[in-house]
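# An overview of the molecular structure
Below are the chains, spelled out letter by letter.
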Amino acid sequence: MTEPRITVVQTLADIEPTQWDRLTNGNPTIKHAWLQSMIDAGCTTRATGWLPQFLIVTREIDGQQQLTGAAPLYMKGHSYGEYVFDWAWADAYQRAGLDYYPKLVCAVPFTPCVGTRLLAASENDRALLIEAMLDVAGDTNVSSLHVLFSTDEEHAALVGKGMMERQAVQFHWQNPDYSSFEDFLSTMRHDKRKKIKQERRNVANAGVTFERKVGTEISGSEWDFFSECYERTYRAHRSTPYLNREFFGLVGARMPDSILMIVASRKGAPIAASLNLFSDTTLYGRYWGTQEFMSGLHFETCYYQNVQFCIDRRIQVFEGGAQGEHKLARGFTPVTCRSAHLIKDPRFAHAVGDFLERESGGIDRYVEELNEHVPFKNPSG
């Protein structure tokens with residue numbers, strides 16, 4: 001084995017997908033296909049404010065160059081699509097006459113899912129990635145470095161190198177091996193169980209039916225419909241969609257075994273759809289869209305159908321995405337996730353550190369309060 005070679009690349013096109021994917025711990029949100037499809041579809045480029053600066057560690061093993069480390073690093077020109085909000089920090093920089101952008105972000109764009117961010121074959125390779133990220137931050141004109149939604153082990157290593165910790169709360173559904181949806185409901189208090197049954201009954205009485213489709217079962221017309229709904233939903237909230245039809249087509253072709261689409265129909269015509277990623281252990285709720293408002297439609301399309309899929313496949317965890325206290329009443333429980341931050345300007349680093357310390361205490365109290373309102377008969381779920 002030779003000494004490692006560390007490079008920065010703006011595309012994964014020259015990286016063998018199988019070499020990249022073997023370092024992901026099976027998490028589809030960090031797969032080669034997911035990240036490269038964003039680049040190929042024009043979603044993560046300099047023009048969109050997501051310039052890839054992927055860190056790549058290779059070694060010569062048995063006469064061949066092998067990928068032994070990687071990190072999805074981006075130079076950002078804004079803070080959109082991250083789900084760890086630092087707009088106040090950027091505003092403070094601006095008021096001081098300084099530039100907060102560009103900044104470096106190690107994350108999966110538009111995807112607030114917990115997973116490995118330091119793809120490494122060994123602890124040594126992980127350490128190399130951390131040092132390389134810190135070097136890139138120090139040698140460029142960025143204000144800061146941010147590593148978002150990493151694993152606990154990675155986060156501890158980053159904090160150990162001087163990065164500051166920030167906490168946030170998500171809501172995850174846990175599966176202790178339920179035998180059916182009714183089995184899941186039986187663990188909940190009467191009022192919560194009654195509410196879910198009523199929501200599901202209202203949608204069914206409206207004549208809406210659902211199909212759960214995986215990978216190649218999803219037709220081109222269904223991808224067209226989903227993309228249209230996704231864009232419509234963003235526009236309805238006066239936002240610009242991050243992703244496009246080309247991206248959805250690429251991931252549908254490149255990683256079909258990781259994709260679940262829920263299609264809601266009435267009178268034979270689709271009216272709503274949700275898109276999810278999944279592995280053997282975890283389902284990741286991602287995007288949804290609808291052509292009309294109907295009470296309970298969102299919950300059925302994005303939550304209850306996915307819960308049924310997890311029960312059927314014995315998937316242990318359903319990550320419902322960022323925020324959403326409404327998920328608590330529907331069987332999701334609060335989970336603390338973490339990000340790590342390095343602010344280069346020592347004056348702002350001190351101020352941000354004070355802020356994070358205060359915020360952390362608030363997060364802890366918030367989680368305690370949420371846990372007092374879990375919907376289960378037994379608080380352990």
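Residues numbered from 1 in each chain as written. Predicted model: local features only at pLDDT ≥ 70, side-chain atom pairs only at ≥ 80, totals over all residues. Heavy atoms only, no water.

### Notes on a nonpolar patch on the surface
Taken together, the side chains of Tyr-80, Phe-85 and Trp-87 present a nonpolar region at the surface, about 330 Å² in accessible area. Locating Phe-85 in the fold gives a position in the loop between β5 (73-76) and α3 (87-95). (Patch = residues over 30% accessible without salt bridge, like charges linked within 9 Å, V, L, I, M, F, W, Y side chains within 5 Å. Areas by Shrake-Rupley, 256 points an atom, 1.4 Å probe, with all protein chains shown as cover. Salt bridge = Lys/Arg side-chain N within 4 Å of Asp/Glu carboxyl O. Helix = DSSP H or I, 4+ residues; strand = E, 2+ residues; numbered from the N terminus.)

### Some remarks on the packing of helix α8 (residues 220-236) against helix α9 (residues 245-254)
Axis separation between α8 and α9 bottoms out at 9 Å; the angle between their running directions is 140°. Taken together, α8 and α9 sit at an angle that is classed as oblique. As for the relative orientation of α8 and α9, their crossing is right-handed in sense. Contacts between α8 and α9 involve Gly-220, Trp-223, Asp-224, Phe-226, Ser-227 and Tyr-230 on the former and, on the latter, Arg-245, Phe-248 and Gly-252. By residue class, the composition of the contact of α8 with α9 is four nonpolar, three polar and two charged. (Axes fitted to C-alpha atoms, helices over the stretch in contact; angles between N-to-C directions. Parallel < 35°, antiparallel > 145°, perpendicular 65-115°, else oblique. Left-handed = near helix turned anticlockwise from the far one by under 90°. Contact = heavy atoms within 4.5 Å. Nonpolar A, V, L, I, M, F, W, Y, C, P; charged D, E, K, R; others polar.)

### Regarding the sheet that holds strand β8 (residues 144-148)
Consider a sheet: its strands pair through backbone hydrogen bonds, and that pairing is either parallel or antiparallel. Strand order in the open sheet made by the eleven strands is β2-β5-β6-β8-β15-β9-β14-β13-β12-β11-β10, with mixed pairing throughout. With one partner strand each, in any of the chains shown, β2 (50-52) and β10 (208-214) form the two edges of the open sheet. Going across the sheet, the axis of each strand differs from the next one's by a mean of 30°, ignoring polarity. Two elements, strand β13 (residues 282-290) and strand β14 (residues 317-322), share three bridges in a ladder whose sense is parallel. The residue of β14 that forms the bridge with Thr-282 is Val-317. (Pairing = 2+ DSSP bridges.)

### As for the nonpolar core
Formed by 43 residues in total, the largest nonpolar core has its most connected members in Trp-20, Trp-34, Leu-243, Phe-247, Phe-248 and Tyr-287. Where this core is concerned, the elements lending two or more residues are α2 (32-40), β3 (54-61), β4 (64-71), α8, α9, β11 (259-266), β12 (269-278) and β13. In this structure, Phe-181, Val-214, Trp-288 and Leu-370 belong to the second largest nonpolar core, which totals 40 residues. (Core = buried A, V, L, I, M, F, W, Y, C linked by side-chain atoms within 4.5 Å. Buried < 20%, exposed > 50% of the residue type's maximum accessible area, 1.4 Å probe, protein only.)

### Thoughts on a negative patch on the surface
Residues Glu-325, Asp-364, Glu-368, Glu-369 and Glu-372 make up a contiguous surface patch of negative charge. Position of Glu-372 relative to the elements: it lies in the segment after α11 (346-371). (Lys, Arg positive; Asp, Glu negative; His and termini not counted. Charge placed at Lys NZ, Arg CZ, Asp CG, Glu CD.)

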